[in-house]
Structure formats: structure tokens, C-alpha cells
Amino acid sequence: MAKRNHTARWLALALGLGGAATVGYLVYRAKRGVSHLGPVTATVTINKRPREVYERFRDFTKLPEFMTYLESVEVIDARTTRWTAKPLGRGKAVSWEAETLEDIPGQVIVWQSKPDSLVQTRGRVTFELAPGSDRVTEVRVEMQLGVGKLGASSKLARLFATPQVKGDLRRFKQVVETGEVLRSDASAHVKPHAAQPSADAQPAPAVFVPNPPTAEKGLGHPLNTAIGGKGVA
Amino acid sequence: MRANVFKGKKHVAVEHVPDPQILNARDAIVKVTATTICGSDLHLYNGFMPGMQKGDILGHEFMGEVVEVGKGVKNLKPGDRVVVPFCIACGNCESCEMGLFACCENSNPTGWIPEKLMGHATCGCFGYSHLTGGFAGGQAEYVRVPFADFGPLKVDKALSDHQVLFLSDILPTAFMGADFCEITPNKVICVMGCGPVGQLAIASAKALGAEKIIAVDKVPYRLRMAVEKAGATDVINFEDQPLQETLRDLTAGRGPDAIIECVGMEAVGTGMQFAMDKVKQTARVQMDRPIAVRDSILACRSGGIVSILGVYAGFVDKFPLGSMMNRGLTLRTGQCHVHRYMKPLLEKIEQGVLDPSFVVSHEMNLDETPKGYDMFMHKRDEVMKIILRA
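Computed from a prediction, not measured in an experiment: that's the story for all the values here.

A count of helical and extended segments in chain A gives three helices and seven strands. Reading the helices (α) and strands (β) of chain A from amino to carboxyl end gives α-β-α-β-β-β-β-β-β-α. Evaluated residue by residue, chain A yields a buried proportion of 31% over its 233 residues. Within chain A, counting contacts between residues at least 6 apart in sequence, those at least 24 apart form 43% of the total.

Given below as C-alpha cells:
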């Protein structure tokens, strides 16, 4: 009998804790003002402080520099933006309007397309300091994607958008860390191209933000002791 | 301009291609004055590296004269004589700040390809397949050099091309392999493979104070150079002598304290295992022939270090993990973090402590590159390192 009491007490405690955690999580979610979006679509680590990374991302009109599927982003008012994707093949360019639901400098941006848009998208991008760092930022994008009345889904986003978003984040990292999107003889073309120069390479985005190298050459690695480096002995 | 391009398996040709242009603000265009054929180019030539495309310009070890710089390059000007690291590094990412330049996170625009094969992206390299970015290589009259404000090393005209060219790849690579070995005079070092990197690994181990260095190869002229020029104290020709037993004999049963593997995915060996590896690699069941790595692990002293410099691309079979685990070996490897070693090694060359020029065996015109590949592959005319002049 005593034993059963004991078990029941533990069970009650566990349920109580679980319940508290759930309530806590719901409160946290409500506080952040976003519904559950599903699994992370893509992530990247950037060697700059969250505030700087956020600010570069928040400059919406410049997103097409590294989001290669976009033609343009126009800022209509403080909450509304108009996004235009590049046409696929000979098709027409698709546009949609989105609303910025949440915008905490250096932390998070949440967006949602207008209900009547053909392209349905909802998403959140977060900027967090990497563990133990005072400078490195972890960027996470969670998003849902869909068409018209079917609404947005995170499954569709993972299926169709993840490779694109991963590429976008890789280029975003290049822009923030090195000042521009790096091109190679092969990558400067839309279609597969040999690694040799060509006259018909895609024109480069004009933007270059000077960003001098921060790494030190020749020194500073733990294994680099034999040549008189300042590494750990 | 003229450039040596990949046409298909065992087929390269010097062709006229468009001149490179500035594609990014931090680019420079370098007029190549001297370049080489690297042992790792043979893996591309023989069709064992994935991600090659017809028309790719090869070559990753080169030096030259700056002819044009992008608006973001302030430290170089036309006329500067530079040696260019084969691996491309931005100098801004976390990996670069940690000195892991060959793991640069920004220099590979086609990084999604190695991500699929290797789990994470590699850095970009010149002329080394679309896995490493799809950058045109240095076996050409001109090359576009990305992140030119960070990579290229300016060198004084007083030093000859033969002395400084190898700062681009094989000297830092060989030196890093020796640096991995935590060399002290009482440690026995073994170098597997006596091609150009192996020769310089022996010279580096000697410069770092090793007193006993065992060189392993099967080509007599290479073993001869290892002793006469590089500084090996003992040699093993594994076709004439059983490798494991001879290494044990030379070290009174202990095995070498550290082994530098300078062979790579096209290793040759003796016996059944080699035949199996060759069949599997040809059938594309296995990407690499890891014979030298297996031998190194089995031969190394318990608690010792195996330093892998040879190039590998994918997955291997019969990896002696049990030997490695039970005997507490440390395995160190990597594409060379060239930027880390260039300047300190240039100083060593200036001081006369190291002189890599002894590996040069031939000079050719760029037009003769295909002949050079064939000669290097078949080890004709006692070839060691071929220098190409545009």
C-alpha cells in the first residue's frame, strides 16, 4: 500500500511538471507571437555578432543579392513588403505581399504572406549567439510554403525550399563575412559550365561591402608549434 | 590564352580559351610564370576524382605576376611577384580565424556537392574539380585568384622560382605532415611514398630534428633521391623487402613513432589485397585504394601518430580500425592549411634551412603539358617534379 502511494505521488509530480512545462512553453510561444512552424528549414553559422547579421538580413531590398530566386523586394510600409520571384522558364514573374508579424532587432523576424496571395509562406528567422561565444551567430530559418487556398506547410517547404534556402544562407554568410557572393568560373553560370573563363558569365551583383580579412596567417594554431608560431606549446 | 584542359580520362590538351576576368571585388588576375603538375593532378587525370567536367582547366600549384586587381584588393598591385596557395581562403570565417584555411567556409561556391559526399563543404581549390568550387586552374597563361587580398604571398626577386614555387602546395603540405608528428630527435619517422611530397616530407622531418628517417617506395631512383638529397637514413623498397617486417627490424620491434603517408588514393602494393582494391576502384565500388594508410596503421608504434597527406575522395574498405583503436594511435590529416605555413617556410628558405628546389627534374613549356602528365604518370626519365613555363 505504501509502495503504491509512493508511485502515485511520483506520477502526480511528473504530470505536474509536464503540465507546467507545457504551459510554460505555450506562454513562451505566445510571448514570441508565433505559432508552431515545424522543423527547421535551414541553418548557418556566421562569424559576426547577431545584431550585424540581423541588420544585413533586415535590409529586405538587398535580399535578392543572395536569394537567387528573387527578382526584387519592395518595402511598402513598416509592416508590408512586396516580393517578386524570377520567372521560371518563359513563365510570368510571381509576386506576393508579406507582412512582418514580429521584428526584434538582433533576434528574430517573423513574416506571413497576405491571405489572398498565390504564394503562401510563413516563416521565422532567428539570430542567436553561438554557445560560449560573444560574436558568432547561429541563424535558423523555419518556414512553411504553399500555393493559394491549400495554405502553407512545413513539409512542402522542406521538400521544395530547403535546398534553395540552404544555398541562400550559404551566400548570405559570404556576403556578411566577406563582403559579396563569391563566384567561380563554373558557378558564374546558371547552367553547368566547365571550370574555365567565359565571356558570357552572369553579371555580378554590383554590391561589395569592404570587409578586410580578420584571420592571421602563419600563426595561432595549437599544432603550429614547430615553426615558432604562438600556438599552445 | 592557352590552358591545359581536362578532356576525359587520361586525356588533357592545351587549348585556346577565353582570358579570365575579375568576377569579384577581391580578385586578382595573375600572369603565370611557373606552374607544375602535382601528384594529385594524376588522380584527376586517371579519372578517380568525382566532379570533373570536360573543359576544366587543371593545375593548382603556381606563381606569377599580378596584372590586374579588383577594387577590393589594396595590398597587391600590378607587377608584384606572388606565389598563390592552392586552397582558396577568405580570411574572415571562423575556420580561417582558427588557422584552418583549407576548411574555409566561404571559398566553395559549389559546396553543396561535397556536402552530399563528405557531410560538409570543403574549401575551394584551383583546378581541382567541381567538388572544390569549379575554379579554373593554374596550368594556363593567366589565372583569376579569388580573395587575392588574403592568399597570395609576395616574394622577393632574389629567390629563384624553383625555391619559392612549391610554397604554393607541396612544401607546406609536406611540412604540415611532419609538423603533425611532434618530432623530437629520438623519434623514428617513416615516410611512405617518395614522390615530390614524400621527398619534402623527409626534408621537413630532418629540418625539425628527426635523426632517423625511413623512406618507403618501390622506385629505385626515388629512394636514391630520398637518401642523397632529402635526408633519409634508411630506405625500404617494398617490392624487394617485406614492408612490415623490415620496419620492425629497423626499429627493433617498436615500429616508427610516426608515419607520414604521402601516397593517396592510387596506392600500389603487393598481393591479393592490392588486386582486390584495384578491382573495386575500377568498378567504382570503392573510391580510393587505401593501401598505404592500412600499411601505416599496422606499422606505426603503439601510441604513435599516423599523418595522412595523400589525397582521398570517398569511402574505403578494410580499414584497420581495430589496430588503430587497440594500440591508441592518433590519426592526423587534412588538405594543407597553406596560408599558415607559407610565410614561416619562406623565412626558412631565405635562411637556407630548407631548399625544396632539389625535387625539380624537368622544365617544359606549357604546350608540352600533356606529355608531362604521361611522363609523370609512368615515371619515365626519372621524373620527379615537372615545372611548366607559360
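Moving on, there is more to tell.
Scanning chain B from N- to C-terminus turns up 13 helices and 17 strands. Taking 2.2 N^0.38 as the reference for a compact globule, 390 residues should give roughly 21 Å; the C-alpha atoms of chain B span a radius of gyration of 20 Å, in line with that estimate. Referenced to the eigenvectors of the C-alpha coordinate spread, the extents of chain B come out at roughly 60 × 50 × 45 Å. For chain B, the proportion of its 390 residues judged to be buried stands at 58%. Here the contacts in chain B between residues at least 6 apart in sequence split such that 72% fall between residues at least 24 apart.

All names here are of chain B. Entries for chain B in the domain assignment read domain 1 (2-169 + 336-389) and domain 2 (173-333). Spacing between the C-alpha centres of domain 1 and domain 2 amounts to 25 Å. Residue-level contacts link 24 residues of domain 1 with 21 residues of domain 2. Taken together, the elements giving at least two residues each to the side of domain 1 that touches domain 2 come down to α1 (39-45) and α12 (338-351). When residues in the side of domain 1 that touches domain 2 are grouped by element, the largest group, four residues, is from α1. Taken together, the residues of the side of domain 1 that touches domain 2 sort by class into 14 nonpolar, five polar and five charged.

Here the focus is the sheet that holds strand β10 (residues 188-192) of chain B. All names here are of chain B. The strand order β12-β11-β10-β13-β14-β15 describes an open sheet built from six strands, whose pairing is parallel. A strand with exactly one partner marks an edge of an open sheet, and here the two such strands are β12 (234-237) and β15 (330-333). With direction set aside, neighbouring strand axes in the sheet form an average angle of 20°. Where helix α8 (residues 243-250) meets the sheet, it contacts β10, β11 (212-217) and β12, and its direction lies at approximately 165° from that of β12. Here helix α10 (residues 291-299) sits on the sheet in contact with β10, β13 (258-261) and β14 (305-308), set at roughly 175° to β13.

A word on the packing of helix α5 (residues 170-179) of chain B against α12(B). All names here are of chain B. It is at 9 Å that the axes of α5 and α12 come closest, and there the two elements cross at 100°. As summarised for this structure, α5 and α12 are arranged roughly perpendicular, according to the angle between their axes. Contacts between α5 and α12 involve L171, P172, F175 and M176 from the first element and V338, Y341, M342 and L345 from the second. By residue class, the composition of the contact of α5 with α12 is eight nonpolar, no polar and no charged.

Many analyses report the size of an interface as the accessible area lost when the parts associate. Facing 52 residues of chain B, the contacting portion of chain A comprises 40 residues. At the level of secondary structure, the elements contributing two or more residues to the side of chain B that touches chain A comprise β1 (2-8), α2 (94-97) and α12 of chain B. The element contributing the most residues to the side of chain B that touches chain A is α12(B), with six residues. Split into classes, the residues belonging to the side of chain B that touches chain A amount to 23 nonpolar, 18 polar and eleven charged.

Residue and element names in this part refer to chain B. Viewed as axis vectors pointing N to C, α5 and helix α6 (residues 196-207) meet at an angle of 50°, and their least axial separation amounts to 8 Å. Between α5 and α6, the interaxial angle falls into the category oblique. Here α5 and α6 pass one another in a crossing that is right-handed. On α6, the residues that touch I170, L171, T173, A174, F175, G177 and A178 of α5 are P196, V197, L200, A201, S204 and A205.

Looking now at the environment of B:I214. Following the sequence through the fold, B:I214 ends up in strand β11. Other than its neighbours up to four places away in sequence, B:I214 contacts B:V188, B:C190, B:A232, B:D234, B:I236, B:L247, B:L250 and B:P256.

Moving on to the environment of A:F60. Residue and element names in this part refer to chain A. Checked against the element boundaries, F60 lands in the loop between α2 (50-58) and β2 (70-75). C-alpha of F60 to C-alpha of T81: the two residues are 21 residues apart in sequence and 8.2 Å apart in space. Other than its neighbours up to four places away in sequence, F60 contacts V73, V75 and T81.

Moving on, we come to the nonpolar core. Of all hydrophobic cores here, the largest spans 133 residues; its most connected members are B:I189, B:V191, B:A201 and B:I260. Two domains share this core, each providing at least three of its residues, namely domain 1 (2-169 + 336-389) and domain 2 (173-333) of chain B. Non-local contacts of B:I189, meaning those with residues more than four positions away in its chain, are made with B:C181, B:I183, B:A205, B:A210, B:I213, B:P256, B:D257, B:A258 and B:I260. Core analysis: the second largest hydrophobic core is formed by 28 residues, A:V53, A:V125, A:V165 and A:V181 among them.

Let's shift gears to the pairing of β14(B). It is a general feature of regular strands that their side chains alternate between the two faces of the sheet. Residue and element names in this part refer to chain B. Here β14 shows a buried face lined by I305 and S307 and a second buried face lined by V306 and I308. Where β13 lies against β14, four bridges are found, and the strand directions are parallel. Its bridge partner being in β14, I259 is matched across the sheet by V306. Examined bridge by bridge, β14 and β15 share four bridges and lie parallel to one another. Bridge pairing links S307 to R332 in β15.

Definitions and limits used
Residues numbered from 1 in each chain as written. Chains lettered and ligands numbered in written order. Predicted model: local features only at pLDDT ≥ 70, side-chain atom pairs only at ≥ 80, totals over all residues. Helix = DSSP H or I, 4+ residues; strand = E, 2+ residues; numbered from the N terminus. Buried ≥ 20, exposed ≤ 12 C-beta atoms within 10 Å, placed from the backbone. Contact = placed C-beta atoms within 7 Å. Rg over C-alpha atoms; globule rule 2.2 N^0.38 Å. Domains from an automatic or database assignment. Nonpolar A, V, L, I, M, F, W, Y, C, P; charged D, E, K, R; others polar. Pairing = 2+ DSSP bridges. Axes fitted to C-alpha atoms, helices over the stretch in contact; angles between N-to-C directions. Parallel < 35°, antiparallel > 145°, perpendicular 65-115°, else oblique. Left-handed = near helix turned anticlockwise from the far one by under 90°. Core = buried A, V, L, I, M, F, W, Y, C linked by C-beta atoms within 7 Å.

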